[in-house]
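# Observations on the three-dimensional arrangement
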Amino acid sequence: MTTRRTFAITALTLGAAAPLAQTPFRRHEASIDVDELSRAIELGDDHIDAVDLAEWIQERREGLRVIDLRSDGQFAAGHIPTAENISIDALSGIAPRRGETLVLYSEGGAHAGQAWVLLKALGHERVYFLRAGLFEWEEEVMSPTLATDATDDERRVFERSEKVSQYFGGEPQRDVPRSTRALTTRELRRRGC
Amino acid sequence: MMAPLFDTIAAGTVASGGIALTIGIAFGWTLERAGLGSARKLAGQFYLTDLTVVKVMFTAIITAALGVFWLGWWGVLDVSRVYVPETFVIPQIVGGLVFGAGFAAAGLCPGTSCVAAASGRRDGMLVVGGLFAGVLAMGFALKPLASFYRSTPLGARTIPAQFHISYGSAILALVLIGLGVFAGAERVERSHRAVHA
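Read on for an overview of the structure. Note that the structure is predicted; figures quoted are calculated from it, not measured.

## Side note on the pattern of salt bridges
Any two side chains of opposite charge can pair, on the condition that their charged atoms come close. On inspection of all chains with the given rule, the structure shows 12 salt bridges over all chains. One salt bridge connects A:Glu107 with A:Arg70, and the closest N-O pair in it is separated by 3.3 Å. Here A:Glu107 is found in the loop between β4 (101–105) and α5 (110–121), whereas its partner A:Arg70 is found in the loop between β2 (64–68) and α4 (72–77), with 37 residues between them in sequence. The salt bridge involving B:Lys55 is made with B:Glu189; its shortest N-O contact spans 2.7 Å. Separated by 134 residues along the polypeptide, B:Lys55 in helix α4 (residues 52–74) and B:Glu189 in helix α10 (residues 167–195) bring together distant segments of the chain. Classification of B:Lys55 by relative accessible area gives buried; the value is 11%.

Here you go:
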């Protein structure tokens, strides 16, 4: 049998079998350890805050990937520096890699929280999300404020924010009357909302 | 190990360069072995006297399509990570026309011109020089042409999505078309040889 005939027969055989196989895309097997995930949530190991993320970006933390889960239009309008735009339905395409740290965010935090569960189920070890999403970044990194009657704790938090805010071109504000200052997402969380 | 390798083994610059070099060497060697470093052979397809290029291309297309499909099905290749270029209808038609005119005039395409140049052929070297000059000129012209360059976008289209058929059916259709073209090319060459015998 000639080479051409062998090639033709092989190609026809594989080609004829292809419709039976339907699709070449991987089915992504995943498993959830409910106890492990609930422990991580309880201990707060599922999320980081915006200032943590800003510090990681500033120090160019190795293996860091910031993932923006919003639409491409929203991403184009503005996003956290170094972020990649990946939709939730494309997350299964991110294979776990050693040494990688993923930080997810969305507009608020709902999608990012859901995506966190998906990536943990797919075997990613170091995954976090911003609980209040881009709102948190805007408030705590780009426009942190310090009330005139701030407590020592609040001052410490603000000083940390102020440092990274200047790096990212934000506008920290000191001595803002508490009555005119909106509650931050951090304060809302503290009050149990 | 899961392919595509660039995405999954987190290769550094040296390893990535090594993989690219190996693939490039294999590609160049294959083209040279098929005789595609010769402008005469390449020009022959436009006169229907020598359809080696068509046969090599369709052999490669069928091999790659079957390889991607079955390696993906087997789990060796993550097909969702394979880059699918975007479609821009009018710019790509215009680019194709320019490319076709250049190919016919030079008797060499970009890949085969590099093969010819590497084989010591002067025509290949001149085409490679022209190629880089054209790329440089396009770089300068990109800003004024930006709106045309990005016009009529259709996104990253695939045949299965476009025609609402399964990937497997698209592969079978591709194989049948490819083998048909191959057989047709052989017939055209035989009839040309018979006429000129």
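Now that the structure is up, let's keep going.
## Quick notes on the packing of aromatic side chains
Any two aromatic rings considered together are summarised by their centre-to-centre distance and by the angle between their planes. Residues and elements named next belong to chain A. A complete count under the given rule lists 8 aromatic pairs over all chains for this structure. Residues Tyr-167 and Phe-168 carry aromatic rings whose centres are separated by 4.9 Å and whose planes lie at 80° to one another, so their mutual orientation is edge-to-face. Classification of Tyr-167 by relative accessible area gives partly exposed; the value is 41%. The class of Phe-168 is buried, set by a relative accessible area of 16%.

## Regarding the interface of chain B and chain A
Tallying the contact residues gives 29 residues for chain B and 22 residues for chain A. The contact between chain B and chain A buries some 2,100 Å² in all, and 70% of this surface belongs to carbon and sulfur atoms. It is B:Trp70, B:Arg81 and B:Leu179 in chain B that bury the most area against chain A; as a group they hold 21% of the surface buried on that side. For the salt bridge of A:Arg4 with B:Glu186, the shortest nitrogen-to-oxygen distance reads 2.6 Å. Scanning the region where chain B abuts chain A turns up 3 residue pairs in polar contact (both at pLDDT 80 or more). Where the side of chain B that touches chain A is concerned, the elements lending two or more residues are α1 (5–8), α4 and α10 of chain B.

## Quick notes on helix α2 (residues 34–43) of chain A
Of the residues that open α2(A), the one with a side-chain oxygen 3.2 Å from the backbone nitrogen of A:Asp35 is A:Asp33. Residue A:Gly44 follows α2(A) closely and has a positive phi angle near 80°.

## A short note on the pairing of β2(A)
Residues and elements named next belong to chain A. For β2, a buried count of 5 out of 5 residues is recorded, marking the element as mostly surrounded by other parts of the structure. Of the two faces of β2, the one holding Leu-64, Val-66 and Asp-68 and the one holding Arg-65 and Ile-67 are both buried throughout. By the bridge criterion, 5 bridges tie β2 to β4 in an arrangement that is parallel. Its bridge partner lying in β4, Val-66 is registered against Val-103. As paired strands, β2 and strand β3 (residues 83–85) are joined by 3 bridges and run parallel to one another. Across the sheet, Asp-68 pairs through a bridge with Asn-85, a residue of β3.

## What about the sheet that holds strand β5 (residues 127–130) of chain A?
Strand order in the open sheet formed by 5 strands is β1-β5-β4-β2-β3 (chain A), with parallel pairing between adjacent strands. A strand with exactly one partner marks an edge of an open sheet, and here the two such strands are β1 (47–48) and β3 of chain A.

Reading the values: rules and limits
Residues numbered from 1 in each chain as written. Chains lettered and ligands numbered in written order. Predicted model: local features only at pLDDT ≥ 70, side-chain atom pairs only at ≥ 80, totals over all residues. Heavy atoms only, no water. Salt bridge = Lys/Arg side-chain N within 4 Å of Asp/Glu carboxyl O. Helix = DSSP H or I, 4+ residues; strand = E, 2+ residues; numbered from the N terminus. Buried < 20%, exposed > 50% of the residue type's maximum accessible area, 1.4 Å probe, protein only. Phe/Tyr/Trp six-rings, centres within 6.5 Å; stacked < 30°, edge-to-face > 60°. Contact = heavy atoms within 4.5 Å. Buried area = accessible area lost by both parts, 1.4 Å probe. Polar contact = N/O pair within 3.5 Å; in protein donor to acceptor, adjacent residues only side chain to side chain. Pairing = 2+ DSSP bridges.

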